Amino acid sequence: MTVQNGSAEYSHINIPKIKFTKLFINGHFVDSISGKRFESVDPRSGEVIADIAEGEKEDVDLAVKAAREAFDNGPWPRLTGCERRRIMLKFADLIDENVEELAALDAIDGGKLYKIGKTMEIPSAAESIRYFAGAADKIHGSTLKMSRELHGYTLREPIGVVGHIIPWNFPSLMFTMKVGPALAAGCTMVVKPAEQTPLSALYYAHLSKLAGIPDGVLNVVTGYGHTAGAAISSHMDIDKVCFTGSTEVGRLVMQAAAASNLKPVSLELGGKSPFIIFDDVDVDKVTDLALLGTLYNKGEVCVAGSRVFVQEGIYDKFLVKLVEKVKTWVVGDPFDPNVHQGPQVDKNQYERILSFIEHGKREGATLLTGGKPSDRKGYYIEPTIFIDVADDMTIAKEEIFGPVMSVMKFKTVEEVIKRANGTKYGLAAGIMTNDLNIANTVSRSIRAGVIWINCYFAFDRDLPYGGYKMSGFGRDMGMESLDKYLQVKSVAMPIYDSPW
Ligand code: TXE
């Protein structure tokens, strides 16, 4: 691992002035009712970069009132799909036009790599809006073959006012993958970004207004989870809640939804995904993929493949390669184009990861690399690899959400299926083999929502994404995600003028 202390190569990147720090309600940036503000901190230094309006229950009430009015009486749900599509395409174009500023905001707010933001994540956020814009004029029900002399058909109608509670690890992608299908369906919404990363969400709100999305359709309330977030999940006038975050908070969201107006929820929660490597693969290539599977986005990825199972025939060779390659993995300032890993999102997350690393050491796993903070200001942690990890150790069971890999050895297909499934989570799995029989057997036996064979993080807007077991339910991305924002209305009428 190399630690960069700064390079002239990126000194030209213009870190934008933060323009939007207030709540976005009914098309306007406004202070919170209490006037309270909270600090947004740059994880590169631990320094405060902005004071953000702290929305609470009363602010959520105002935002829901605006969204309700926009849904019940406003134009958005009543526009034709073509008109919604046109406005959404404009929104996507504006995201592309502001790609550098958005990438920089996610870098200073969340420690995310600027280069990846600029070339992949923000363009992909724009594409996500475009994908669902393309669906806006293709939402239709079906004609039914009824058993009697009835004409029966279904309508698919927008579900209403949606509450989106989103996390901090992919602020732009999460925002657009939730907002895109909800807009296409004709819903109105209140979005609460994570308190760690409010900046880009407010910027998207500004762009949505420029694009022509009517006032009240897309509201953003920044604030904390236990206040603003809880007010969304328990709100009597929100028709649906979509949540991405920890399993623990997902449970609270579901309880609050049940205890209030029984609104449906969809939950995308934690993971502890297995990355399974069989003997027959190219060890050199697979090592790169395994490293990326754990370390991408500094390990703050719900589908991180951080339980790496390696078949015994290549185990020793794999470890040698792993150590060799991790030395070339650069930790440093996320604006530096040579850096692979920026700082963890905040002090809490940083300390939480370090405490998991201590658990690993205490419970008897062997540290192969890293295991400590990197030696610079900010919330940086060295890429950490443990071997001799038993399935019941804390580091093998709990989602660490940091740059920490556990490597485990296995012998047979049956054994690895059992061990890979031995988790409360079921979000994703990677299977590396050239043997089709093994690939088919294992992919069908793993209880997880996404399986990647000979690839990892192979996301696509078309590929539905979500969990089994305690990783949640409901799907983001793909046309499946549109269903979350629609409900089916059945209509029947006599074909002939007969008395019913
Ligand atoms: O998540 P929280 P945290 C996991 C990951 C991470 C851990 C803790 O393991 O280390 O969770 O992260 C809002 N009612 N994931 O504490 O608290 C909160 O404001 C309603 C996995 O940051 O779940 C934020 O907007 N909302 C994950 C969002 O929930 C509440 C991504 C997520 O925060 C709330 C993030 C409440 N009572 C963390 N309390 C993934 N699946 O990708 C908090 N929130």
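What you are looking at is a predicted structure, and each value in this text was computed from that prediction instead of being measured. (Residues numbered from 1 in each chain as written. Predicted model: local features only at pLDDT ≥ 70, side-chain atom pairs only at ≥ 80, totals over all residues. Heavy atoms only, no water.)

The next subject is the overall build of the protein chain. Of regular secondary structure, the protein chain possesses 15 helices and 24 strands. Taking 23 Å as the expected radius of gyration for a compact globule of 500 residues, we find that the protein chain reaches 24 Å, a close match to that expectation. Considering only C-alpha atoms, the protein chain reaches an extent of 80 × 55 × 40 Å along its principal axes. Per-residue burial for the protein chain yields a buried fraction of 58% across its 500 residues. Across the protein chain, the fraction of contacts at a sequence separation of at least 24, relative to all contacts at a separation of at least 6, is 74%. Approximately 20,100 Å² of the protein chain is accessible, and the part contributed by carbon and sulfur atoms is 53%. Computing the positive centroid from 56 side-chain charges and the negative centroid from 63, the protein chain places the two 2 Å apart. (Helix = DSSP H or I, 4+ residues; strand = E, 2+ residues; numbered from the N terminus. Rg over C-alpha atoms; globule rule 2.2 N^0.38 Å. Buried < 20%, exposed > 50% of the residue type's maximum accessible area, 1.4 Å probe, protein only. Contact = heavy atoms within 4.5 Å. Areas by Shrake-Rupley, 256 points an atom, 1.4 Å probe, with all protein chains shown as cover. Lys, Arg positive; Asp, Glu negative; His and termini not counted. Charge placed at Lys NZ, Arg CZ, Asp CG, Glu CD.)

Our focus in this paragraph is helix 1 (residues 57–72). For helix 1, built from 16 residues, the straight-helix expectation of 22 Å at 1.5 Å per residue is met to within 8% by its first-to-last C-alpha distance of 22 Å. Every buried residue belonging to helix 1 is among Asp 59, Val 60, Ala 63, Val 64, Ala 66, Ala 67, Arg 68, Ala 70 and Phe 71, and all of these are buried. Considering only its buried residues, helix 1 is in contact with strand 2 (23–25), strand 7 (150–158), strand 8 (161–165), strand 9 (188–192), strand 10 (218–220) and helix 7 (225–233). (Expected span 1.5 Å × (residues − 1).)

With five of five residues buried, strand 11 (residues 240–244) lies mostly within the body of the structure. By the alternation rule, side chains of strand 11 split into Lys 240, Cys 242 and Thr 244 and Val 241 and Phe 243, which are all buried. As paired strands, strand 8 and strand 11 are joined by four bridges and run parallel to one another. Looking across to strand 11, one finds that Gly 163 is bridged to Val 241. Bridge count for strand 11 against strand 12 (residues 265–268) is four bridges, and the pairing is parallel. Within the sheet, the bridge partner assigned to Thr 244 lies in strand 12 and is Glu 268. On the question of chirality, the crossover connecting strand 11 to the parallel strand 12 by way of helix 8 (residues 247–259) is right-handed. (Pairing = 2+ DSSP bridges. Right-handed = clockwise from strand over helix to strand, strands pointing away.)

A few words now on the confidence of the model for the protein chain. Residues with a pLDDT of 70 or more make up 97% of the protein chain, whose mean pLDDT is 96. Ignoring residues within four places in sequence, the model shows residues 1–8, a span with pLDDT below 50, making 22 contacts including any to other chains. Predicted complex, confidence summary: ipTM 0.97, pTM 0.96. (pLDDT = per-residue confidence, 0-100.)

Our next topic: the pairing of strand 21 (residues 450–453). Side chains of strand 21 alternate between two faces, with Val 450 and Trp 452 buried and Ile 451 and Ile 453 left unburied. Bridge count between strand 20 (residues 428–432) and strand 21: four bridges; the pairing is parallel. Following the sheet pairing, Ala 429 is matched in strand 21 by Ile 451. Once you follow strand 20 into helix 14 (residues 436–445) and on to strand 21, the crossover reads as right-handed.

Once that is clear, we can look at the sheet that holds strand 6 (residues 143–144). Paired through their backbone hydrogen bonds, the strands of a sheet run either parallel or antiparallel. Spatial strand order, 6-7-24: three strands in an open sheet with antiparallel pairing. Looking at the sheet topology across the chains shown, the edges are occupied by strand 6 and strand 24 (486–494). One ladder, built from two bridges, connects strand 6 with strand 7; its direction is antiparallel. Bridged to Leu 144 within strand 7 is Gly 152.

The next point concerns the sheet that holds strand 21. In space, the seven strands of this open sheet follow the order 16-17-18-14-13-20-21, with mixed pairing throughout. This sheet does not close on itself; its edge strands, each paired only once, are strand 16 (366–369) and strand 21. Averaged over all adjacent pairs, the angle separating strand axes in this sheet is 25°, with direction ignored. Two elements, strand 16 and strand 17 (residues 384–387), share three bridges in a ladder whose sense is antiparallel. Within strand 17, the position partnered with Thr 369 by the bridge is Ile 385. Sitting on the sheet, helix 11 (residues 347–362) is in contact with strand 16, strand 17 and strand 18 (404–410), with an inclination near 25° to strand 17. (Axes fitted to C-alpha atoms, helices over the stretch in contact; angles between N-to-C directions.)

Now for the site of the ligand. In the vicinity of the ligand there are 27 residues, among which Ile 166, Trp 168, Glu 195, Ser 246 and Glu 399 approach most closely. Within the side chain of Asn 169, one N or O atom sits 3.4 Å away from an oxygen atom of the ligand. In this structure, an oxygen atom belonging to the ligand sits 3.3 Å away from a main-chain N or O atom of Gly 225. Surface burial for the ligand is 89%, taken as the share of its 800 Å² of free accessible area covered by protein chains. Residue assignment for the shell around the ligand shows that the elements contributing at least two residues are helix 7, strand 11, helix 8 and helix 11. Partitioned by chemical class, the residues of the shell around the ligand number 14 nonpolar, eight polar and five charged. (Near = heavy atom within 4 Å. Polar contact = N/O pair within 3.5 Å; in protein donor to acceptor, adjacent residues only side chain to side chain. Nonpolar A, V, L, I, M, F, W, Y, C, P; charged D, E, K, R; others polar.)

A word on the side chain of Asn 98. Turning to its location among the elements, Asn 98 is positioned in the loop between helix 2 (81–97) and helix 3 (99–110). Among the residues examined, Asn 98 registers a relative accessible area of 18% and is labelled buried. A polar contact of 2.8 Å, which involves the side chain of Asn 98, links it to the backbone oxygen of Leu 94. Excluding its chain neighbours within four sequence positions, the residues that come into contact with Asn 98 are Tyr 203 and Leu 207.

Attention now goes to the nonpolar core. Grouped together as the largest cluster of nonpolar side chains are 110 residues, with contacts concentrated most on Ile 277, Phe 318 and Val 407. For Val 407, the contacting residues outside a window of four places in its chain are Val 308, Val 310, Tyr 315, Phe 318, Leu 319, Leu 322, Ile 385, Phe 386, Ile 387, Asp 388 and Val 389. Core analysis: the next-biggest nonpolar cluster, separate from the first, contains 30 residues, Ile 353, Tyr 379, Phe 386 and Val 413 among them. (Core = buried A, V, L, I, M, F, W, Y, C linked by side-chain atoms within 4.5 Å.)

Moving on to unusual backbone geometry. The backbone phi angle of Phe 401 is positive, close to 60°, even though this residue is not glycine. Take Phe 401: its relative accessible area is 14%, and that puts it in the buried class. A positive phi is found at Met 477, a non-glycine position, where the angle reads about 60°. With respect to the secondary-structure elements, Met 477 resides in the loop between strand 23 (472–473) and helix 15 (480–483).

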